[in-house]
Amino acid sequence: MLRAISTPSKVLLTLLLTAGCRHPISDKPTGSATSIEAPLGLPPVPIPGDNPPTTATIALGRRLFYDTRLSKGSFLACSNCHNPRYAFTDGNRLSKGFDGALGVRNAPTLLNATYLPFQFWDGRALTLEQQAASPIADPVEMNSTHKASVARLAGDPTYGPAFTQAFGTPDITIGRVTNALASFERTLLSGDSPFDRYQYAGDKTALTPAALRGLAVFLNPMGGNCASCHTIGPKSALLTDGKFHNIGEGASDNGFADVGRYHETKVVTDQGAFKTPSLRNISRTAPYMHDGSLKTLKEVVDFYAGGGNSNPYLDPQMKTIHLTPQDRLDLVEFLKSLDGSIPGKAGPP
Ligand code: HEC
Ligand code: HEC
């Protein structure tokens with residue numbers, strides 16, 4: 001007989017009922033959002049509504065990024081493979097994970113990864129939050145389980161206050177861990193390169209004559225045609241179109257050593273297609289390509305001059321291009337002019 005219950009007792013009843021059921025722990029940051037300034041040449045930083053970066057989540061993410069306890073046996077931190085000394089790559093052809101297990105792909109830089117519409121060479125994650133959950137449980141990377149990683153972190157009493165500052169309560173959840181990691185990664189920005197000062201700040205002396213000639217080859221559709229995929233916009237340049245292309249890297253008569261984007265989409269023409277990487281800081285992130293098979297920028301330019309290894313799904317933008325020895329040197333000089341600022345407060349805390 002609900003009608004017989006008076007209003008005050010109804011309130012009491014609701015209170016009793018809600019106190020009895022456990023609320024799920026929220027992964028949303030509680031502090032006020034902090035703005036992240038993009039350096040010259042980069043667009044504004046995209047901020048997800050459910051994970052606005054705060055000073056506390058960024059600091060916590062930085063700490064987690066360098067914490068080996070995320071991995072089984074506490075051997076590996078994110079920074080082992082994304083080391084600030086190598087512009088957040090590891091300098092190896094393929095990454096070494098748990099117990100020295102060799103991965104199948106080259107570690108990409110995390111600088112400016114926040115702008116990418118897809119994460120990973122094959123785009124299997126869409127956001128930094130989603131991405132961060134993956135290496136922790138990957139058997140050839142950190143080889144842990146989310147539960148075990150959370151338990152190891154919980155063993156450190158100094159994490160409780162840090163999670164409280166960031167998320168309001170000391171609870172550690174994998175969602176909080178990945179949100180904090182993603183917020184830290186959003187601060188890993190690099191712009192203000194000689195190219196940016198030339199292109200976006202009107203400093204006509206910022207590029208050497210060789211780099212300027214290289215830029216012309218890079219832009220020319222009948223020349224290098226590089227900008228058709230490594231995009232340069234009117235106000236900013238990510239040097240990637242964020243899309244997937246088969247440039248014939250890793251293709252041979254025996255097919256593809258790595259099917260790339262096809263792995264995700266199962267669309268036949270996606271075989272051998274990989275995400276266009278940004279070219280910012282490229283001189284600092286050798287070796288190159290998804291399989292790390294090209295050692296120097298000279299080798300990369302020679303590869304493009306050959307039009308890429310022929311295969312049925314080769315991108316139509318890939319054609320044999322005529323590049324003189326001087327063009328090739330100039331292109332390399334231009335690529336070096338894309339080395340930009342290194343973010344402060346990004347090293348081990
Ligand atoms: C054992 C080495 C290793 C460890 C440890 C590792 N990564 Fe990676 N990371 C890689 C490799 C290799 C790839 C590319 C894999 C692929 O595309 O299939 C990658 C890709 C990424 C990407 C995608 C970037 C892009 O341009 O697509 C992000 C972001 C990233 N890692 C962040 C992290 C974070 C955060 C951690 C720690 C939780 C971490 N990584 C731990 C090796 C590692
Ligand atoms: C059809 C699109 C396309 C064109 C045109 C193109 N690229 Fe690429 N570029 C890519 C893709 C996709 C990758 C990654 C391929 C892979 O790993 O298999 C890549 C990789 C690279 C890399 C290695 C980056 C890294 O982090 O390992 C460099 C350097 C590069 N390109 C420079 C150039 C230059 C210079 C030109 C012009 C001569 C050019 N690209 C033209 C799409 C393109």
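Every value quoted in this text rests on a predicted model; they were computed, and no experiment measured them.

## Thoughts on the site of ligand 1
Then comes step 1: As a matter of local geometry, ligand 1 sits amid 26 residues, with C78, C81, G97, W121 and P135 nearest to it.
Then comes step 2: Contributing elements (two or more residues each) for the shell around ligand 1: α3 (78–81) and α4 (128–137).
Then comes step 3: Broken down by element, the shell around ligand 1 gets its largest block of residues, five residues, from α4.
Then comes step 4: The residue makeup of the shell around ligand 1, split by class, is 17 nonpolar, seven polar and two charged.

## Description of the environment of I58
Then comes step 1: Tracing the chain through its elements places I58 in helix α2 (residues 55–65).
Then comes step 2: Residue I58 is classed as buried on the basis of its 22 C-beta neighbours within 10 Å.
Then comes step 3: In this structure the C-alpha to C-alpha distance between I58 and K235, which are 177 residues apart in sequence, comes to 27 Å.
Then comes step 4: Beyond its immediate stretch of four places on either side in the chain, I58 contacts P53, S183, F184 and T187.

## Observations regarding the packing of α4 against helix α7 (residues 174–185)
Then comes step 1: Following both chains from N to C, one finds α4 and α7 inclined at 115°, their axes separated by 8 Å at the closest point. The way α4 lies across α7 gives a crossing that is right-handed. Across the interface between the two elements, L128, E129, A132 and A133 of α4 pack against I174, T178, N179, L181, A182 and E185 of α7.
Then comes step 2: Along the lines of polarity and charge, the residues of the contact of α4 with α7 split into six nonpolar, two polar and two charged.

## Notes on the UniProt feature "binding site: heme c 1" (unreviewed entry) in the protein
Then comes step 1: Taking the numbering used here, the UniProt-annotated feature "binding site: heme c 1" (unreviewed entry) corresponds to C78, C81 and H82.
Then comes step 2: Tracing the backbone through its elements, the reader meets C78 in helix α3.
Then comes step 3: On the basis of neighbour count, C78 is assigned to the buried category, with 25 C-beta atoms found within 10 Å.
Then comes step 4: In contact with C78, not counting residues within four places along its chain, are F65 and P135.
Then comes step 5: On the secondary structure map, H82 appears in the loop between α3 and α4.

## A word on the packing of α2 against helix α6 (residues 159–167)
Then comes step 1: Viewed as axis vectors pointing N to C, α2 and α6 meet at an angle of 140°, and their least axial separation amounts to 8 Å. Classified by chirality, the crossing of α6 by α2 is left-handed. On α6, the residues that touch A56, T57, L60 and R63 of α2 are A162, F163, Q165 and A166.
Then comes step 2: Among the residues making up the contact of α2 with α6, the classes are represented as five nonpolar, two polar and one charged.

Rules used in this analysis
- Residues numbered from 1 in each chain as written.
- Chains lettered and ligands numbered in written order.
- Predicted model: local features only at pLDDT ≥ 70, side-chain atom pairs only at ≥ 80, totals over all residues.
- Near = placed C-beta within 6 Å.
- Helix = DSSP H or I, 4+ residues; strand = E, 2+ residues; numbered from the N terminus.
- Nonpolar A, V, L, I, M, F, W, Y, C, P; charged D, E, K, R; others polar.
- Buried ≥ 20, exposed ≤ 12 C-beta atoms within 10 Å, placed from the backbone.
- Contact = placed C-beta atoms within 7 Å.
- Axes fitted to C-alpha atoms, helices over the stretch in contact; angles between N-to-C directions.
- Left-handed = near helix turned anticlockwise from the far one by under 90°.
- UniProt positions renumbered as here; feature names shortened; annotations may be inferred.

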